[in-house]
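Structure at a glance
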Amino acid sequence: RKEVEQDPGPFNVPEGATVAFNCTYSNSASQSFFWYRQDCRKEPKLLMSVYSSGNEDGRFTAQLNRASQYISLLIRDSKLSDSATYLCVVSLSSNDYKLSFGAGTTVTVRA
Amino acid sequence: NAGVTQTPKFRILKIGQSMTLQCTQDMNHNYMYWYRQDPGMGLKLIYYSVGAGITDKGEVPNGYNVSRSTTEDFPLRLELAAPSQTSVYFCASSYSKGDTRNTIYFGEGSWLTVV
């Protein structure tokens, strides 16, 4: 079983729509969670960290469900510029140097 | 704002050739990493370093070597290139461990093809 699994998509949504997707992780001891964004043929960039109580950053909302071992990302009022691949990233603990990356969920926002 | 700089951006190698991917960062970060990204797969850690003079293996170190003689530089050496090493390589750095307080910054990537 992969350490981090994501639905590859693609999720094709119109501008202004809400899109949400999940990521599951296999190690229940995982402590740190992130969403990274990767544009086509570009490097990953941190979108947001995911905190236990859930957190928002503008139109983006991240949630963590430890009981079911998944994190989610919701994008409200989608913009064309949100088209990208979103990588779920998990680390075992704050002492762990080795992040586990999901393969990514592709989102395409159409006009 | 240079950040993490890696070269070359594109390279075609013949089987059995060797090469070095260069990586340098100007953020005075202690931690540096090399990842590879294959199509449809998550990034895999090749090697990492927690400071000058200290390196350690990641998940997929076979066929690669690294060194960290300075804080800034973390080159990745491919010896005897094989087609399985065709991939996109990302160098990255962070101030400390890659936890919620310390963002990992990536270079722009190096596209390597072994034929």
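Placed above this text is the structure.
First, a word on what this report is: a plain description of the structure on this page. Only a predicted model underlies this, so the values are computations on that prediction, with no experimental measurement involved.

Reading guide: rules and limits
Residues numbered from 1 in each chain as written. Chains lettered and ligands numbered in written order. Predicted model: local features only at pLDDT ≥ 70, side-chain atom pairs only at ≥ 80, totals over all residues. Heavy atoms only, no water. Helix = DSSP H or I, 4+ residues; strand = E, 2+ residues; numbered from the N terminus. Buried < 20%, exposed > 50% of the residue type's maximum accessible area, 1.4 Å probe, protein only. Contact = heavy atoms within 4.5 Å. Areas by Shrake-Rupley, 256 points an atom, 1.4 Å probe, with all protein chains shown as cover. Lys, Arg positive; Asp, Glu negative; His and termini not counted. Charge placed at Lys NZ, Arg CZ, Asp CG, Glu CD. Pairing = 2+ DSSP bridges. Axes fitted to C-alpha atoms, helices over the stretch in contact; angles between N-to-C directions.

As for the overall build of chain A
Looking only at helices and strands, one finds 0 helices and 11 strands in chain A. For chain A, the sequential pattern of α-helices and β-strands runs β-β-β-β-β-β-β-β-β-β-β. C-alpha extents for chain A along the principal axes are approximately 40 × 30 × 20 Å. Looking at chain A as a whole, 47% of its 111 residues are labelled buried. Long-range pairs, those at least 24 residues apart, make up 57% of the contacts in chain A with a sequence separation of at least 6. About 5,400 Å² of surface is accessible on chain A, with carbon and sulfur atoms providing 47% of the total. In chain A, 12 positive and 11 negative side-chain charges are present, and the distance between their average locations comes to 2 Å.

Quick look at the sheet that holds strand β6 (residues 55–57) of chain A
Residue and element names in this part refer to chain A. Spatial ordering of the open sheet is given by β1-β3-β8-β7-β6, a layout of 5 strands whose pairing is antiparallel. On the outer flanks of this sheet lie β1 (4–6) and β6, each paired with one strand and no other. Each neighbouring strand pair of the sheet contributes to a mean axis angle of 20°, computed without reference to strand direction. In terms of strand pairing, strand β7 (residues 60–65) meets strand β8 (residues 70–75) through 6 bridges, oriented antiparallel. Across the sheet, residue phenylalanine 60 finds its bridge partner in β8, namely isoleucine 75.

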